[in-house]
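A closer look at the structure
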Amino acid sequence: MSSWSKKSLGNRWLRLLQTLSCFLGVSPSPLRKQQHRHLHLTWSLILLAWLWFVGTNLLLAKSQMQVLAIEKLLYLIEYPSNMIITAIFSLRVYRSAEFFRRQSLQQKNLISLLFEDSQKYFSQLGDYVRKLLLMVCSFHGLCVVIDICWLRFDWVQTLYSNCAHNLVGLMISLSLLQYVLDLRIIQQLHLQLNERLKKTIETYRSPLNGICIVSPEYDKVEWKLEQLRLNCITLDEMRVKLLDRFGPVLLVNFVNSLLSFCYELFNVFRIVEQAKWSEDLVLFVYRLLWLLMHGSRIWSVLMANARIAEQKCQLCLLLNKLETDDTRLERNVNRFLLQLQANGGNPSTVCGVADLDTLALGGFVSALSAIVIFLIQIDLGNKSLMGYSF
């Protein structure tokens, strides 16, 4: 995203996203001079050092809480996880400006090939970025306000708390937003590729044989089909490269969000079960917002990948419907289908552990249920041993 054209009005929001992310150290510097990159790296290291300092201090302070060991572990694990995630995003994933420049160049080339009006598409993409960016900034702004209210306007504690929670959360959210945006572009390109294939079939099909290709048009259809196949290969390569770069940090983020979601859900259950939600309304709302944040981090990544898989399934369906009596054209169609089948499963698994598809939500829900039920049982047993009556 570091070399978008400045001609499109919608690119103002793309540049705003890049500028904000670059300031927080989770986007490569748009400047190509070596000294500018060194300055950006220095600023990123200073910001990370401050966040690690604040996070470590809060981790040590809150490790003295008098709660069950398993609760303390689930609560405190978010601090080192956030520090690791921000460090990977800042120092590894978004440190190579050349990688993202090549990605954006490939995206622009495919957009100019597949879209008749690329400027209109960029404007629509800018509207999409505007909605997501305003949503993310408004969400974390609301969390800052609630954090200030919860700490009763103690500005020193508020500074530490917001840096350790909301600033880190904003950095992770913007990092994932850029990844989801890249997947959105790939999905839209797959969608347009399907539209081009539909248009090709509709243009050259025989009026007598339905969807069969007319014999004099074999060469034209074969050429267009080959172009679409090459474009599909490029899209698969882009997605694989993105996953290779983002895979480890996505896996850490999934584990962190799952554990944090379990802990926050358990605390929401405990507040509701003890009928204290009206007394601790600020804390109750804060926990609900944290639930929403961690849940959306998992859902957005899975949904973006699932939409790409859906478009590839539609492409396979269209190719299977294409009928012809020319052996050479049929061989090209079969090669296209084999390519889709061969590449269909490879880019959908992160580090060979978690499937990037909404079908994986069943596994997340199962793990979530097991952890939350375990926490509830531990809590009930602890209260019983302490002499509580129910």
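Our subject is the structure that appears above.
The notes below deal with the structure included here. Everything numeric here is computed off the predicted structure, so don't read it as measured data. (Residues numbered from 1 in each chain as written. Predicted model: local features only at pLDDT ≥ 70, side-chain atom pairs only at ≥ 80, totals over all residues. Heavy atoms only, no water.)

1. Brief notes about unusual backbone geometry
Although it is not a glycine, Arg 152 adopts a positive phi angle of roughly 55°. With respect to the helices and strands, Arg 152 occurs in the loop between helix 6 (118–150) and helix 7 (155–204). The backbone phi angle of Phe 153 is positive, close to 60°, even though this residue is not glycine. Inspection of the secondary structure assignment puts Phe 153 in the loop between helix 6 and helix 7. (Helix = DSSP H or I, 4+ residues; strand = E, 2+ residues; numbered from the N terminus.)

2. Overview of the packing of helix 3 (residues 69–76) against helix 4 (residues 78–93)
For any two helices packed against each other, one specifies the crossing angle of their axes together with the interaxial distance. Axis separation between helix 3 and helix 4 bottoms out at 5 Å; the angle between their running directions is 20°. Considering the angle they form, helix 3 stands roughly parallel to helix 4. Between helix 3, through Leu 74, Tyr 75 and Leu 76, and helix 4, the contact on the second element is made entirely by Glu 78, Tyr 79 and Pro 80. Of the residues that constitute the contact of helix 3 with helix 4, the class distribution is five nonpolar, no polar and one charged. (Axes fitted to C-alpha atoms, helices over the stretch in contact; angles between N-to-C directions. Parallel < 35°, antiparallel > 145°, perpendicular 65-115°, else oblique. Contact = heavy atoms within 4.5 Å. Nonpolar A, V, L, I, M, F, W, Y, C, P; charged D, E, K, R; others polar.)

3. Some details on the packing of aromatic side chains
For the structure on display, the rule yields 16 aromatic pairs. An angle of 80° between the planes, with centres 5.6 Å apart, marks the rings of Tyr 94 and Phe 246 as edge-to-face. Note that Tyr 94 is positioned in the loop between helix 4 and helix 5 (97–114) and Phe 246 in helix 8 (residues 218–273), a separation of 152 residues in sequence. Among the residues examined, Tyr 94 registers a relative accessible area of 2% and is labelled buried. Taking relative accessible area as the criterion, Phe 246 reaches 0% and is therefore assigned buried. The structure contains a cluster of three or more aromatic residues connected by ring pairs, namely Phe 89, Tyr 94, Phe 99, Phe 100, Tyr 179 and Phe 246. When the ring centre of Tyr 128 is taken as reference, the NZ or CZ atom of Arg 184 above it lies at 4.1 Å. Of note, Arg 245 hangs over the ring of Phe 99, and the distance from its end group to the ring centre comes to 4.7 Å. (Phe/Tyr/Trp six-rings, centres within 6.5 Å; stacked < 30°, edge-to-face > 60°. Buried < 20%, exposed > 50% of the residue type's maximum accessible area, 1.4 Å probe, protein only. Lys NZ or Arg CZ within 6 Å of the ring centre and 35° of its normal.)

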